[in-house]
Amino acid sequence: MPAPEVPGGPRQVFRILHVSTGNVCRSPITERLTRQAIADRLGGYTGGLVVESAGTWGHEGAPMEEHAAQLLAEYGADAGGFTGRELLDEHVIQADLVLTATRDHRAQVISMGHSAGLRTFTLKEFTRLVRAIDMTTLPAATSPEGLVERARALSRAAAALRGWLLAPNAEADEVQDPYGAPLPYFRSIGEEINAALDPVVTALTGVPSRAPWRSRGARA
């Protein structure tokens, strides 16, 4: 299902690409939670922010893993209409920001070329850098075009900080693969992803979350 946008659609877009291995667990979860969070902040639309996903060994045309879809349902996010994609050069070329599950995925994206190094981060790495950025230095997201300009400025600012704010350890920048694990482990991964996304979406939109956002399964 395509992400909803402003009626008429802005001409400018900022493409966010989430990357994992098979594109059936981590990256689709992150894609759909990102879309939902942006739409929630912006009153039901995503402006010029386009959120997609792919896998370095993507199961082309495959459905989302069952527990991933169930997890999204617990968050109230839409899991419908998803099909897996293998990461292609065109996806990297078109992406303005690539957020990967692990450092290995990040390295694979960068190795594809296309000047991807400055716009490719692990999700948790990007979150850490975003937390250090002064939000008042970013353009105001008062229009679809302003939203895109803010996203571009945020990505540039994060890239400029990369060498200054290092992770305490390698694992701190990674989201582990829940493929084949029971639902409770998927829920723990969902909590990690959700926690990492919250400050990112706040920075992208300029709108803080209205309430702590947890899955119904996690609250149960």
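Look a little higher up for the structure.
Everything in this summary refers to the structure shown in the same document. Only a predicted model underlies this, so the values are computations on that prediction, with no experimental measurement involved. Residues take numbers from 1 onward in each chain, read along the sequence in its written order. Totals for whole chains, interfaces and linings use all residues, but because this is a predicted model, local features are given only for residues with pLDDT of at least 70 and pairs of side-chain atoms are given and counted only at 80 or more. Each side-chain value is derived from all of the structure's non-hydrogen atoms; neither hydrogens nor water enter the calculation.

**Side note on the overall build of the chain**
Next up, step 1: Looking only at helices and strands, the chain has eight helices and four strands in total.
Next up, step 2: Under the DSSP-based scheme used, a helix requires at least four consecutive residues in state H or I and a strand at least two consecutive residues in state E, with every element numbered from the N terminus. Along the chain, from the amino end to the carboxyl end, the secondary structure elements read β-α-β-α-α-β-α-β-α-α-α-α.
Next up, step 3: Based on C-alpha atoms, the radius of gyration is set beside the globule rule, defined as 2.2 Å times the residue count to the power 0.38. Against the globule reference of 17 Å for 220 residues, the chain gives a C-alpha radius of gyration of 16 Å, in line with a compact fold.
Next up, step 4: Throughout, exposure labels follow a simple rule: accessible area from a 1.4 Å probe, protein chains only, divided by the maximum for the residue type, with under 20% read as buried, over 50% as exposed, and the rest as partly exposed. Buried positions account for 49% of the 220 residues belonging to the chain.
Next up, step 5: Taking the intrachain contacts of the chain between residues at least 6 apart in sequence as the baseline, contacts between residues at least 24 apart amount to 77%.
Next up, step 6: Of the roughly 9,900 Å² of accessible surface on the chain, 55% is carried by carbon and sulfur atoms. Contacts are residue-level and defined by heavy atoms, with any inter-residue pair within 4.5 Å sufficient. Accessible surface area values rest on a Shrake-Rupley calculation with a 1.4 Å probe, where residue burial reflects the displayed protein chains alone.

**Remarks on the nonpolar core**
As a rule of thumb, soluble globular proteins bury nonpolar side chains together.
Next up, step 1: As used here, the term nonpolar core means buried Ala, Val, Leu, Ile, Met, Phe, Trp, Tyr and Cys residues forming a set that is joined through side-chain atoms within 4.5 Å. One finds I29, L33, F121, F126, L154 and I193 to be the most contacted residues of the largest nonpolar core, which totals 47 residues.
Next up, step 2: Looking at this core, the elements with two or more residues in it are β1 (14–20), α1 (26–41), β2 (49–55), α2 (66–74), β3 (97–100), α5 (123–131), α6 (144–161) and α7 (183–205).
Next up, step 3: For this core, the element with the most residues is α7, which contributes ten residues.
Next up, step 4: Once residues lying within four places of it in the same chain are set aside, the contact partners of F121 are L97, V98, L99, T100, R106, F126, L129, S155, A158, A159 and R162.
Next up, step 5: Counting residues in each nonpolar core, the second largest holds nine residues, with L17, L87, V98 and V109 among its members.

**Description of the packing of aromatic side chains**
Next up, step 1: Paired rings are identified among Phe, Tyr and Trp, the last through its six-membered ring, by centres lying within 6.5 Å, and are further divided according to the angle between planes into stacked (under 30 degrees), edge-to-face (over 60) and tilted (the rest). Per the counting criterion, the structure on display carries one aromatic pair.
Next up, step 2: Centroid distance F121 to F126: 5.0 Å. Interplanar angle 55 degrees. Geometry classified as tilted. Exposure class is identical for F121 and F126. Each is buried.

**Structural notes on the pattern of salt bridges**
Next up, step 1: Criterion for a salt bridge: a side-chain nitrogen of Lys or Arg within 4 Å of a carboxyl oxygen of Asp or Glu. One pass over the full model with this rule turns up twelve salt bridges.
Next up, step 2: The partner of D177 in a salt bridge is R26, and the shortest N-O contact between them spans 3.5 Å. Taken together, the residues span a long stretch of sequence, with D177 in the loop between α6 and α7 and R26 in helix α1 at a distance of 151 residues.
Next up, step 3: With a relative accessible area of 5%, R26 lands in the buried category.
Next up, step 4: The salt bridge involving E74 is made with R187; its shortest N-O contact spans 2.5 Å. Pair noted here: E74 is in helix α2 and R187 is in helix α7, with a separation of 113 residues, a long-range link.
Next up, step 5: Taken together, the salt bridges that share partners define one network made up of E31, R32 and R35.

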